[in-house]
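Coordinate inspection notes
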Amino acid sequence: MSTRNEGIAAFLAISFGGAWLWLLIAHLGLRLSALHPLLQLPAFCMPGIAALIVRRWVTKEGFADAGLRPHLKGGWPYYLAAWLGPLLTAAATVGLAAALGLWRSELSPLNSLLPGIPGWAAIALLMLVVPFLIPLYWGEEFGWTSYLRPRLYAGRTAPSLITTSLIWATWHYPLAFIGYIEFSDLMPGLAAWTVSFLCQEIILAWLYQRSGSVWVASLAHAGNNMVLFLITGQLLGTEGGLSAVVTTLLPTVPMAALSAWIVLGRGLTPRRDHARPAHRVITSATAPTSRGNEHLSGSQFGAALPDVEPSVEPSGAVCDFEG
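Since the structure is predicted, the reported quantities are computational estimates derived from the model, not experimental observations. (Residues numbered from 1 in each chain as written. Predicted model: local features only at pLDDT ≥ 70, side-chain atom pairs only at ≥ 80, totals over all residues. Heavy atoms only, no water.)

1. With respect to the overall build of the protein
Assigned secondary structure in the protein consists of ten helices and zero strands. Going from the N terminus to the C terminus, the protein shows its helices and strands as α-α-α-α-α-α-α-α-α-α. Put simply, of all contacts in the protein between residues at least 6 apart along the chain, 80% involve residues at least 24 apart. On the protein, roughly 14,600 Å² of surface is accessible, and the fraction owed to carbon and sulfur atoms is 66%. (Helix = DSSP H or I, 4+ residues; strand = E, 2+ residues; numbered from the N terminus. Contact = heavy atoms within 4.5 Å. Areas by Shrake-Rupley, 256 points an atom, 1.4 Å probe, with all protein chains shown as cover.)

Here is the structure:
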């Protein structure tokens, strides 16, 4: 097995084993609700922890291609898109629900979103809070989008996106059994959830590729959870009476439209000014012999790697959407 495959295997083992074991302990042992922060935070940070462990100690490939630099100057349009996108998607979702006759255009349920706060103020507060939650959602994005996806199928866009989405969705499935999301029809619900993850991953990968920074994808992920799904869940599910399957599928429609625009426009090609260094290839035949090149310390995040022959996603050369 090549070192790259060993890294992927170790990453998946830690991500799944660590998260699922903690969910089991926290929910069955400690009797914590699925919405309790102490249950969620350790589990949801596990992919990031796994990526750190693998990069530092398993493959020793370092962090030069991890997208840790914020790229604020050139990437600010993507930060703005990541911040406003979930709110606009929520608006499109409830508009679609109204057009289909599934929602009666009643916004008063938003007054219950945050107790004691008017609906408009609750949304404004959520929008202000979302950027401060970036470090929490970095845990998943540093794992799935920054580490795993570029290493699957040599970074070829279509198979790596689909596989990453399936893995990401499967990793979430236990949450459907402990009350995080309640599907009255389990199998259709999990299928709808999986499609939602696919559309989200396309958008998150696009933000990551175009900005060159994992922080942008983390901002969008925070917005999806704290703005998009909270607003649509409150209006359409909690107060609107729609099933979890329907409230999962409705936001997927505008996300699918955006995903189609990204794919058809070949938007998953990284910007040249933010192209990441080629992934370091380490196999039994090419393992470094100098200890100075074996790994990067924490103070060397983002430093350039030695010139090597790339094997996955070499600076955007294989980013066309093809199998």
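Next comes the rest of the write-up.
2. Section: the packing of aromatic side chains
This model, assessed by the stated rule, comprises 14 aromatic pairs. Taking the centre distance of 5.5 Å and the plane angle of 85° together, the rings of Phe11 and Trp144 count as edge-to-face. Of this pair, Phe11 sits in helix H1 (residues 3-29) while Trp144 sits in helix H6 (residues 134-151), and the two are 133 residues apart along the sequence. There is no split in this pair, since Phe11 and Trp144 are both buried. With centroids separated by 6.2 Å and ring planes inclined at 85°, the aromatic side chains of Phe44 and Tyr180 adopt a geometry described as edge-to-face. Remark: Tyr180 occurs in the loop between helix H7 (157-172) and helix H8 (186-211) and Phe44 occurs in helix H2 (residues 37-44); sequence separation between them is 136 residues. What makes Phe44 buried here is its relative accessible area of 11%. (Phe/Tyr/Trp six-rings, centres within 6.5 Å; stacked < 30°, edge-to-face > 60°. Buried < 20%, exposed > 50% of the residue type's maximum accessible area, 1.4 Å probe, protein only.)

3. A look at the pattern of salt bridges
Scanning the model with the defined rule gives four salt bridges in all. Residue Asp65 pairs with Arg55 through a salt bridge whose shortest N-O separation is 2.7 Å. Of this pair, Asp65 sits in the loop between helix H3 (46-58) and helix H4 (72-99) while Arg55 sits in helix H3, and the two are ten residues apart along the sequence. Each of the two residues, Asp65 as well as Arg55, counts as buried. With its nearest N and O atoms 4.0 Å apart, the salt bridge here joins Arg104 to Glu106. (Salt bridge = Lys/Arg side-chain N within 4 Å of Asp/Glu carboxyl O.)

4. A short note on the environment of Trp20
Among the structural elements, Trp20 can be located in helix H1. On the accessibility criterion, Trp20 (35% relative accessible area) is partly exposed. Those residues within four positions of Trp20 in sequence are excluded, and the remaining contacts are Thr170, Trp171 and Pro174.

5. Observations regarding the confidence of the model for the protein
Predicted confidence across the protein gives a mean pLDDT of 87, with 83% of residues reaching 70 or more. Confidence over residues 276-323 falls short of pLDDT 50; this stretch has 108 contacts with residues more than four positions distant or in other chains. (pLDDT = per-residue confidence, 0-100.)

6. Some points on H6
An ideal rise of 1.5 Å per residue puts 26 Å on 18 residues; H6 measures up with 24 Å between its terminal C-alpha atoms. The largest bend along H6 reaches roughly 45° and is located at Glu141. Taking burial as the measure, the 18 residues of H6 include 16 buried ones, the bulk of the element. Remark: Tyr153 follows H6 within two positions and exhibits a positive phi of approximately 55°. (Expected span 1.5 Å × (residues − 1). Bend = angle between axes of the 7 residues up to and from the residue.)

7. Notes on the side chain of Ser259
Note that Ser259 resides in helix H10 (residues 244-264). Not counting chain neighbours up to four residues away, the residues in contact with Ser259 comprise Cys199, Ile202 and Ile203.

8. A look at unusual backbone geometry
Despite not being glycine, Ser105 has its phi angle at roughly 55°, a positive value. When you line up the elements, Ser105 lands in the loop between H4 and helix H5 (119-129). You can call Ser105 partly exposed: its relative accessible area is 49%. In this structure, Ala154 is a non-glycine residue whose phi angle is positive, near 55°. Relative to the assigned elements, Ala154 resides in the loop between H6 and H7. What makes Ala154 partly exposed here is its relative accessible area of 28%.

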